[in-house]
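Results of the structural survey
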Amino acid sequence: SKKIGVLTSGGDSSGMNAAVRSVARIALQRGCVPFAIHEGYEGLVEGGDMIRKLGWGDVRGFLTIGGTVIGTARSARFRTREGRLMAAYNMIKNGIDALVVCGGDGSLTGANLLRSEWKGLCDELVDTGKLTTLECEHLREHLTIVGLVGSIDNDMSCTDITIGAVTSLHRICEALDSLTSTAQSHQRAFVVEVMGRHCGWLALMAAISVGADWVFLPERPPPIDAARYGENWEEEMCERLSQNRKLGCRVSLVIICEGAIDQNLKAIKPDYVKSVLESRLGLDTRVTTLGHIQRGGAPCAYDRYLATVQGVEAVEAVLRSTPDIPAPMIGMNENKITATPLMDAVQKTQEVAKAIAEKDFKRAMDLRDPEFSS
Ligand code: F6P
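Rules and cut-offs
Residues numbered from 1 in each chain as written. Predicted model: local features only at pLDDT ≥ 70, side-chain atom pairs only at ≥ 80, totals over all residues. Heavy atoms only, no water. Helix = DSSP H or I, 4+ residues; strand = E, 2+ residues; numbered from the N terminus. Buried < 20%, exposed > 50% of the residue type's maximum accessible area, 1.4 Å probe, protein only. Pairing = 2+ DSSP bridges. Axes fitted to C-alpha atoms, helices over the stretch in contact; angles between N-to-C directions. Contact = heavy atoms within 4.5 Å. UniProt positions renumbered as here; feature names shortened; annotations may be inferred. Near = heavy atom within 4 Å. Polar contact = N/O pair within 3.5 Å; in protein donor to acceptor, adjacent residues only side chain to side chain. Areas by Shrake-Rupley, 256 points an atom, 1.4 Å probe, with all protein chains shown as cover. Nonpolar A, V, L, I, M, F, W, Y, C, P; charged D, E, K, R; others polar. Expected span 1.5 Å × (residues − 1).

**Focus on unusual backbone geometry**
With the exception of glycine, the majority of residues adopt a negative phi angle, and the majority of peptide bonds are in the trans configuration. Cis peptide bonds are those with omega within 30 degrees of zero, and the linkage from P222 to P223 qualifies with 0 degrees. Structurally, P223 can be placed in the loop between β7 (214-216) and α8 (226-229). Positive phi outside glycine occurs at Q187, with the angle close to 55 degrees. For Q187, the position within the fold is in the loop between α6 (165-186) and β6 (189-194). According to the relative accessible area criterion, Q187 is partly exposed, its value standing at 41%. At L265, a residue that is not glycine, the phi angle is positive and equals roughly 70 degrees.

Next up, the structure:
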């Protein structure tokens, strides 16, 4: 029977616990032995008490809890070969031959690297006397890796949605609704920065959901009407906001993705936008950075569901894994659970960053979501 380690890595996201619960319980049902690896890859490198067998009751109540109970980290040690050697040692000592990693693209790339180095790491552990040939025997040939995408940013290609993104979107919308009520009372403008790194999904969805006046996205730097405004996005934004005021709006709401840029790839900062609104439109303006409040809290129903069904598929993917099948990433596409070669997804994700760096914004938007590119 398979011994399956499950870990959460990178920034936490709501629904990661549901994923751990699902993997653990389906593994048990399918006659496997699940292990929790605490504090992400740090736990794998550290070993000892950081790697613990999971029983049915250990994940009781996990569906409703935000963050990740088994902990997460952005492990610097795992990025070194020495760290990965330690990780391989600890896995083999525990007999773990499969790893389900729930994290973002960096975390999943790390998992794939471990898989590709696996045989070499095992050989080194035997050659240096740290492990006996017998200990390595049945684990040496092949390490099974399966990726689940846990990230509030929804920035991974080959899946429509990532675990935690919808919960964060809800939290952002709640905060924006609160800001709107106070803004309306004073007829103020609010400039709100939301997370998402270099992905505008959270910002765009929130802007649509609350009816914001303007949104800044990394994939689509302003002005939107370049033929008319040249590089002068300030004028374009102000015209739109003043039109909305003329239509009777008592509040102006501008949302900025933290990674937003202009046509020259220069960061667009909330304080600058505030100064533009004040000087050009005379609006009484406040800046709010939502910060980590948008990452915490109980998962919404969708994230519980998504993480649970993807956890089931992750265990099934472990069971059908063979050395010649590339490590899969479990996704959700058009309401169906999918398995895509993990490195294809990572490479496609990196293409977006490349397109932005090359100022090919049309391509960046197309790669993210063709429906939104117009
Ligand atoms: O990737 C998730 C995320 O919340 C991003 O949206 C944000 O840029 C980053 O992590 C913040 O990281 P940290 O929690 O390390 O400050």
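Next comes the rest of the write-up.
**Thoughts on the sheet that holds β6**
Taken together, the 4 strands give an open sheet; going across it, the order is β7-β8-β6-β9, and neighbouring strands pair in parallel fashion. Here the strands that pair on one side only, and so sit at the sheet edges, are β7 and β9 (285-289). On average, each strand axis in the sheet is tilted by 15 degrees relative to the strand beside it, whichever way the strands run. Here β6 runs beside strand β8 (residues 252-257); their pairing, made up of 6 bridges, is parallel. Residue pairing for β8: V192 is matched across the bridge by I255. Against the sheet, helix α7 (residues 201-210) engages β6, β7 and β8, with an angle of about 165 degrees to β8.

**Details of the UniProt feature "active site" (unreviewed entry) in the protein**
In the UniProt entry, the feature "active site" (unreviewed entry) is given for D153. Looking at where D153 falls in the secondary structure, it is placed in the loop between β5 (144-149) and α6. A relative accessible area of 8% means that D153 is categorised as buried. In this structure, D153 is in contact with G196, R197, C199 and W201, ignoring residues within four places of it in sequence.

**Quick notes on the site of the ligand**
The local shell around the ligand consists of R74, I152, D153, M195, G196, R197, E258, H292 and R295. Here R197 contributes a side-chain N or O atom positioned 3.3 Å from an oxygen atom of the ligand. Take E258: an N or O atom from its side chain is 2.4 Å from an oxygen atom of the ligand. Out of a free accessible area of 400 Å², the ligand has 73% covered by protein chains. Across the shell around the ligand, the residue classes break down as 2 nonpolar, 2 polar and 5 charged.

**Points about helix α9 (residues 233-246)**
Because an α-helix packs 3.6 residues into every turn, residues spaced three or four apart end up facing the same way. Over its 14 residues, α9 runs 20 Å from end to end, which matches the ideal 20 Å to within 8%, given 1.5 Å per residue. Among the residues of α9, W233, E234, E236, M237, C238, L241, N244 and R245 are the ones counted as buried. At its buried positions, α9 is contacted by β6, β7, α8, β8 and α10 (270-281). Backbone geometry just downstream of α9 places G248 in the positive-phi region, at approximately 110 degrees.

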